[in-house]
Amino acid sequence: MELTAFIIIALTIFCFGLVSHRLQHYAITPAMIFVLVGVVTGPLVLNLTHIQQSALLTQLIAGMTLVLVLFIDAMQIDRKGVKKNRLPRRLLLIGFPLIVAFGTVIAKGIFPQFPWWQAAVLAIVLAPTDAALGQAVATSRLVPHRIREALNVESGLNDGLTLGALLVVLSVWGNMHKTHGYDFWLGFISLQILIAIIVGVFIGYFGGKLIEICSQKGWMLPPFQRISAIVLALLSYTVAE
């Protein structure tokens, strides 16, 4: 990344941080500002930045960013409150499948040339809500805590459901086109989902226990307690990959 682009990114984050609390009252999120600055300083307007794109680097940065965002959201969830609040389960188990189903029908109507599996892929990709875009609602004190909590939980977990649904649809397509056999795609889905769950539970649980034990014994400094928690999220993702 060239120095000019880095300077613009750093200044944008710094300047937004200075007025972030004030902008919150106007429902202006960081994503809106960053996209606007990118468009204005990019080749379409001022042409100040020329970033060489790398598919592998972009995928890595996007993946790591998503891991940290979801991890931070998960840390803020009140588990006892979620058990009493039925809204997240309704949103995930009823609302999400309905969105995918209606989205598939609408996508097929808008793009009749798409086969049904392609319409389903489009619906699945667009179904999960982005917590960043709804941040003003999810963090506003004017919204009841029960609603904010439900939105936060749903936005953090729907990505996992989306991935599972997407893998199933793509595997059905692969089986229809005989790129591989039925056994291969069934194994592919199972490994993708099961390995992620096993690795996440193992590293998250035992890693958290180690941090707790070492902290209680006075072996860890407080800054490294926080750093180690973030490292566990990155470690779970990379080991699963």
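Parameters and conventions
- Residues numbered from 1 in each chain as written.
- Predicted model: local features only at pLDDT ≥ 70, side-chain atom pairs only at ≥ 80, totals over all residues.
- Heavy atoms only, no water.
- Helix = DSSP H or I, 4+ residues; strand = E, 2+ residues; numbered from the N terminus.
- Buried < 20%, exposed > 50% of the residue type's maximum accessible area, 1.4 Å probe, protein only.
- Contact = heavy atoms within 4.5 Å.
- Phe/Tyr/Trp six-rings, centres within 6.5 Å; stacked < 30°, edge-to-face > 60°.
- Lys NZ or Arg CZ within 6 Å of the ring centre and 35° of its normal.
- Axes fitted to C-alpha atoms, helices over the stretch in contact; angles between N-to-C directions.
- Parallel < 35°, antiparallel > 145°, perpendicular 65-115°, else oblique.
- Left-handed = near helix turned anticlockwise from the far one by under 90°.
- Nonpolar A, V, L, I, M, F, W, Y, C, P; charged D, E, K, R; others polar.

Peer 1: Could you give me a rundown of the overall build of the protein, with the residues and numbers involved?
Peer 2: Looking only at helices and strands, the protein features 11 helices and 0 strands. N-terminal to C-terminal, the α/β element order of the protein is α-α-α-α-α-α-α-α-α-α-α. Dimensions of the protein along its principal axes, counting C-alpha atoms only, are 55 × 55 × 40 Å. Buried residues in the protein amount to 23% of all 241 residues. Taking contacts inside the protein between residues at least 6 apart in sequence as the whole, the part at least 24 apart equals 62%.

Peer 1: Kindly report on the packing of aromatic side chains, identifying the contributing residues and their values.
Peer 2: This structure, assessed with the given rule, holds 4 aromatic pairs. Aromatic ring contacts, followed pair by pair, group Phe202, Tyr205 and Phe206 into a single cluster. When the ring centre of Trp116 is taken as origin, the NZ or CZ atom of Lys108, which lies over that ring, is 5.5 Å away.

Peer 1: Which residues make up the packing of helix α7 (residues 116-126) against helix α9 (residues 145-176), and what are the values?
Peer 2: Contact geometry for α7 and α9: axes closest at 10 Å, N-to-C directions at 165°. What the angle tells us is that α7 and α9 run roughly antiparallel. As α7 runs across α9, the sense of the crossing is left-handed. Within the contact between the two elements, α7 uses Trp117, Ala120, Val121 and Ile124 and α9 uses Thr162, Ala165, Leu166, Val169, Leu170 and Trp173. Each residue belonging to the contact of α7 with α9 can be placed in one class, and the counts come to 9 nonpolar, 1 polar and no charged.

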